[in-house]
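This is what each chain is made of:
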Amino acid sequence: MDNLGLLHLKSGSANANNTDDNDFDRKLTRIAESAAQNDTLGLFALAEGKLAVMVTAKGNGSGRRPKRPKNAELVAELKCRVEDGIAAWYLAPRSQRLQVNGHRPYPLARLEPGMLLSIGSDFWLVAKVWQPQPRPAPEELADRCCPVCGAKLSIAPVVQCGGPDCGRWTHYERPDEPDGEFLNCFLATDTCPDCDQPVMAEATLVPEPHDKLLTTASDEHW
Ligand SMILES: [Zn+2]
Ligand SMILES: [Zn+2]
């Protein structure tokens, strides 16, 4: 399942430039990765431009009473649906203050990486949290060759580049041994030669927010 997160863009503080690659967790509200299909999640606006996401209704009907954070406004409800093996998140607005890409959203909107949510003067970028996970080569790709070492993909675990719509598959045998004698072809370049997505073993955001985007949301001179 796509693990989506909401990255707070308006930090309003001196750290706006501090966008170390692994620093995003501080500003990221993850959409619960443990949520089951058809669970309903509430997106709550807390004080100080913070968001909280929590399960408000179980999809299987098992009913604990929905909880909600204190002094928080429910701005939207989120639901995950899996269609043809592809998971998608949908958003239903519950507050007049919520905008998606600068407009009042439709009663139901599909949440996609790259969208911009706003509540008042706060902005969040919808981004996919992506971490390369090695897996056996899918059957239809088994005979394809790795673009780095030239050997068949089927001879070792592989990973698909996390770039949007990128179809580059490379060997990724041992993430825990990046310097060992393994087929870690995925790590051979700093960026993907096909889509320029930075190559990292750690979790990254897709799309990767440009430094400029992180600072401009609160900057009048751009
Ligand atoms: Zn290879
Ligand atoms: Zn790529």
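Keep in mind the model is a prediction, meaning the values are calculated, not measured.

What to know about the overall build of the chain
- Looking only at helices and strands, the chain has one helix and 13 strands in total.
- Listing each helix as α and each strand as β along the chain from the N terminus yields β-β-β-β-β-β-β-β-β-β-β-β-β-α.
- Residues classed as buried in the chain amount to 24% of the 222 residues present.
- By sequence separation, contacts in the chain at least 24 residues apart represent 47% of the contacts at least 6 residues apart.

What to know about the nonpolar core
- Ranked by size, the top nonpolar core spans 25 residues in total, and within it Leu 7, Leu 78, Trp 89, Trp 124 and Val 126 carry the most contacts.
- The set of elements that each furnish at least two residues to this core consists of strand S1 (4-8), strand S3 (40-45), strand S5 (73-83), strand S6 (86-93) and strand S10 (122-130).
- It is S10 that provides the largest number of residues to this core, a total of six residues.
- Other than its neighbours up to four places away in sequence, Trp 124 contacts Leu 6, Leu 7, His 8, Leu 9, Leu 51 and Leu 117.

Observations regarding unusual backbone geometry
- Even without being glycine, Asn 71 reaches a positive phi, approximately 55 degrees.
- Within the fold, Asn 71 resides in the loop between strand S4 (51-57) and S5.
- Classification of Asn 71 as exposed rests on a count of 8 C-beta atoms within 10 Å.

Remarks on the environment of Asn 101
- Looking at where Asn 101 falls in the secondary structure, it is placed in the loop between strand S7 (98-100) and strand S8 (109-111).
- Overall, Asn 101 belongs to the exposed group, with 12 C-beta atoms counted inside 10 Å.
- C-alpha of Asn 101 to C-alpha of Leu 116: the two residues are 15 residues apart in sequence and 4.9 Å apart in space.
- Apart from the residues within four sequence positions on either side, Asn 101 is in contact with Met 115 and Leu 116.

What to know about the environment of Cys 192
- Relative to the elements of secondary structure, Cys 192 occurs in the loop between strand S12 (169-171) and strand S13 (204-206).
- On the basis of neighbour counts, which here come to 17 C-beta atoms within 10 Å, the residue Cys 192 falls in the partly exposed class.
- For Cys 192 and Gly 163, which are 29 residues apart along the polypeptide, the C-alpha to C-alpha distance reads 8.2 Å.
- If near-sequence neighbours (up to four positions away) are discounted, Cys 192 is found in contact with Cys 161, Gly 163, Cys 166, Arg 168, Gln 197 and Val 199.

Things to note about the pairing of S1
- Most of S1 is tucked away: five of the five residues are buried.
- Burial along S1 is two-sided: Leu 4, Leu 6 and His 8 facing one way and Gly 5 and Leu 7 facing the other are all buried.
- The sheet contact formed by S1 and S10 spans five bridges and is antiparallel. Each residue of the ladder has a partner; that of His 8, found in S10, is Trp 124.
- In this sheet, strand S2 (residues 28-30) lies alongside S1 in antiparallel orientation, the contact comprising three bridges. Counted as the bridge partner of Leu 7 is Leu 28 from S2.

Structural notes on the confidence of the model for the chain
- On average, the chain scores 83 in pLDDT, and the residues at 70 or more come to 82%.
- No element of the chain has a lower mean pLDDT than helix H1 (residues 211-216), at 63, and none a higher one than S12, at 97.
- Confidence drops under pLDDT 50 across residues 12-21; counting only partners more than four residues distant or on other chains, this segment forms eleven contacts.

Here is what the cut-offs are and how they apply
Residues numbered from 1 in each chain as written. Chains lettered and ligands numbered in written order. Predicted model: local features only at pLDDT ≥ 70, side-chain atom pairs only at ≥ 80, totals over all residues. Helix = DSSP H or I, 4+ residues; strand = E, 2+ residues; numbered from the N terminus. Buried ≥ 20, exposed ≤ 12 C-beta atoms within 10 Å, placed from the backbone. Contact = placed C-beta atoms within 7 Å. Core = buried A, V, L, I, M, F, W, Y, C linked by C-beta atoms within 7 Å. Pairing = 2+ DSSP bridges. pLDDT = per-residue confidence, 0-100.

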